[in-house]
Amino acid sequence: NPLGLPSEEILRMGAASVVMYLKQVNIAVETFVLTLRGRGLEAFPEQLQTFDFVRSMDFSYNEVLRLPAAFGQMSCLINVDFSHNRLLSLPTDVSSMSKLETLKLDYNNIEALPSTFGLLNALKWFSCTENKLEGLPKQLGGLSNLL
């Protein structure tokens, strides 16, 4: 396992969750795709912050409240799905994700997007329905690849 032991949260979930996590991590090493969908995770595992080679990440249907600032440094990400979580915000450093093309944030508790969001120039698909957004950053209008 290239990441060492799973997080405390995953260890507390029991043997089946640990085995599933390790299996998904090993698949990600081979395919650059990390899928931890619907695993009841309340936090983004610290170990994954060093997984900067991942191209696609599906973290949908969990209970994640916050993403660490280091999440924004995962610069190889192209597709990200954090829909159906409990996210309150995005880290400001998300603007460093220069290859990000697809971002799904539906069904969270996001109240505002960082002003740096407009720097995601590769973004083609963004969905953020069923959140608590009161508006979008004006910089979003400058994203010319957005469909």
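Rules used throughout
Residues numbered from 1 in each chain as written. Predicted model: local features only at pLDDT ≥ 70, side-chain atom pairs only at ≥ 80, totals over all residues. Heavy atoms only, no water. Helix = DSSP H or I, 4+ residues; strand = E, 2+ residues; numbered from the N terminus. Buried < 20%, exposed > 50% of the residue type's maximum accessible area, 1.4 Å probe, protein only. Contact = heavy atoms within 4.5 Å. Salt bridge = Lys/Arg side-chain N within 4 Å of Asp/Glu carboxyl O. Core = buried A, V, L, I, M, F, W, Y, C linked by side-chain atoms within 4.5 Å. Expected span 1.5 Å × (residues − 1). Arc of directions from axis to C-beta.

Quick word on the overall build of the chain
Piece 1. The helix and strand tally for the chain stands at 2 helices and 5 strands.
Piece 2. For the chain, the α and β elements follow one another from N to C terminus as α-α-β-β-β-β-β.
Piece 3. A principal-axis box enclosing the C-alpha atoms of the chain has dimensions of 45 × 30 × 20 Å.
Piece 4. Scored against the burial criterion, the 147 residues of the chain give a buried share of 46%.
Piece 5. Of all intrachain contacts in the chain linking residues separated by at least 6 positions in sequence, the fraction that spans at least 24 positions is 28%.

Concerning the pattern of salt bridges
Piece 1. Enumeration according to the criterion identifies 2 salt bridges in this entry.
Piece 2. Glu-63 is paired through a salt bridge with Arg-86; the nearest N and O atoms lie 3.6 Å apart. With Glu-63 in the loop between β2 (56-58) and β3 (79-81) and Arg-86 in the loop between β3 and β4 (102-104), this residue pair connects regions lying 23 residues apart in the sequence.
Piece 3. The exposure class assigned to Arg-86 is partly exposed, which follows from its relative accessible area of 35%.
Piece 4. With a shortest N-O distance of 4.0 Å, Lys-124 and Glu-101 are connected by a salt bridge. Remark: Glu-101 occurs in the loop between β3 and β4 and Lys-124 occurs in the loop between β4 and β5 (125-127); sequence separation between them is 23 residues.

Points about the environment of Glu-101
Piece 1. Classification of Glu-101 as partly exposed rests on a relative accessible area of 29%.
Piece 2. When near neighbours in sequence (up to four residues on either side) are disregarded, Glu-101 contacts Ile-78, Ala-122, Leu-123, Lys-124 and Trp-125.

Thoughts on the nonpolar core
Piece 1. Judged by nonpolar contacts, the single largest core of 38 residues is most densely connected at Phe-71 and Phe-82.
Piece 2. The element that contributes the greatest number of residues to this core is helix α2 (residues 15-31), accounting for 5 residues.
Piece 3. The contact partners of Phe-71, leaving out residues within four places of it in the chain, are Phe-44, Met-57, Leu-77, Val-80, Phe-82, Pro-91 and Met-97.

Here we look at α2
Piece 1. Here α2 is 17 residues long and its end C-alpha atoms lie 24 Å apart, about the 24 Å a rise of 1.5 Å per residue gives.
Piece 2. For α2, the complete set of buried residues consists of Ser-17, Val-18, Met-20, Tyr-21, Gln-24, Val-25 and Ala-28. Mapping the buried residues of α2 onto a view down its axis gives an arc of 165 degrees, with all of them on the same face. The outward face of α2, more than 90 degrees from its buried face, is lined by the exposed residues Ala-15, Ala-16, Val-19, Lys-23 and Glu-30.
Piece 3. For α2, the elements touching its buried residues are α1 (8-12) and β1 (33-35).

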